[in-house]
Amino acid sequence: MLASGLISSSPTALSYVGCSGGAGSENLAGANIPGQATVGAASTKTSGVLTPQPKSTVTNTIAGINVLNGLIQADGIKAETSATRAAGATTATLTDTSTFTNLRIAGLPAINASVAPNTVVQVAGLGQATLHKVSKSSSAIIVTMVDVVLSQPIGALPTGSRLQIGYSSTGVAL
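Residues numbered from 1 in each chain as written. Predicted model: local features only at pLDDT ≥ 70, side-chain atom pairs only at ≥ 80, totals over all residues. Heavy atoms only, no water.

### Details of the overall build of the protein chain
Moving on, step 1. Helix and strand counts for the protein chain come out as zero helices and 14 strands.
Moving on, step 2. Shown N-terminal to C-terminal, the secondary structure of the protein chain runs as helices and strands in the order β-β-β-β-β-β-β-β-β-β-β-β-β-β.
Moving on, step 3. In terms of overall size, the protein chain behaves like a compact globule, its C-alpha atoms giving a radius of gyration of 17 Å where 174 residues would be expected to give roughly 16 Å.
Moving on, step 4. Expressed along its principal axes, the backbone C-alpha trace of the protein chain runs to roughly 50 × 30 × 25 Å.
Moving on, step 5. Per-residue burial for the protein chain yields a buried fraction of 41% across its 174 residues.
Moving on, step 6. Looking at the protein chain as shown, the accessible area adds up to about 8,300 Å², and 56% of this sits on carbon and sulfur atoms. (Helix = DSSP H or I, 4+ residues; strand = E, 2+ residues; numbered from the N terminus. Rg over C-alpha atoms; globule rule 2.2 N^0.38 Å. Buried < 20%, exposed > 50% of the residue type's maximum accessible area, 1.4 Å probe, protein only. Areas by Shrake-Rupley, 256 points an atom, 1.4 Å probe, with all protein chains shown as cover.)

### A closer look at the pattern of salt bridges
Moving on, step 1. Scanning all chains against the criterion turns up four salt bridges.
Moving on, step 2. With a closest N to O distance of 3.2 Å, glutamate 80 and lysine 78 form a salt bridge.
Moving on, step 3. According to the relative accessible area criterion, lysine 78 is partly exposed, its value standing at 26%.
Moving on, step 4. Of the charged contacts, one joins aspartate 147 and arginine 162 as a salt bridge, the two residues approaching to 2.7 Å between their closest N and O atoms. Of the two residues, aspartate 147 is situated in strand β13 (residues 140–150) and arginine 162 in strand β14 (residues 162–171); the sequence distance between them amounts to 15 residues.
Moving on, step 5. On the basis of relative accessible area, aspartate 147 is assigned to the buried category, the value being 2%.
Moving on, step 6. Residue classification places arginine 162 among the partly exposed residues on the basis of a relative accessible area of 35%. (Salt bridge = Lys/Arg side-chain N within 4 Å of Asp/Glu carboxyl O.)

### Brief notes about the pairing of strand β5 (residues 42–49)
Moving on, step 1. Note: strand β2 (residues 22–28) against β5, seven bridges, orientation antiparallel. Within β5, the position partnered with glutamate 26 by the bridge is threonine 44.
Moving on, step 2. As paired elements, β5 and strand β6 (residues 55–67) share eight bridges and run antiparallel to each other. When the sheet's bridge partners are listed, valine 49 is paired in β6 with lysine 55.
Moving on, step 3. Counting the residues between successive antiparallel strands, the hairpin from β5 to β6 contains five residues. (Pairing = 2+ DSSP bridges.)

Any functional reading would require information that these geometric values do not contain.
Dropping the structure here:
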């Protein structure tokens, strides 16, 4: 989870794929930003290989999410991306297998696991929420499962603050 404003939280369970490949993981038992957010277990697993073809995968999972005193809640969020480059290819094959489990945002109907990428909704009393935000280039993919820009101050967060929950970024060199 990442929040910006007067209160800031760095990414949790941050892990990278190294240039020479390999695997990595980071785990967090839980986190609490008083009055702003609580999350249960979070983990990020990474893997990368150079042969027979370059491929990297990043999976970020977060459980028990409660943000802004219940305005945003989820039993679980998984942001999972991968990038593969076939020999001689000028673009990578990019995949996104990200999902929500029981995502609830105040004022919205239930949000299912297969919400369309880049779904933008206005939420009264909160701001603009982009669900399953996906951006791609010829060699990389970035997924942010919940990206909220506040339209009004909430607690210590001023108008314009950004909340990002569930993030995965994967790429390969071309």
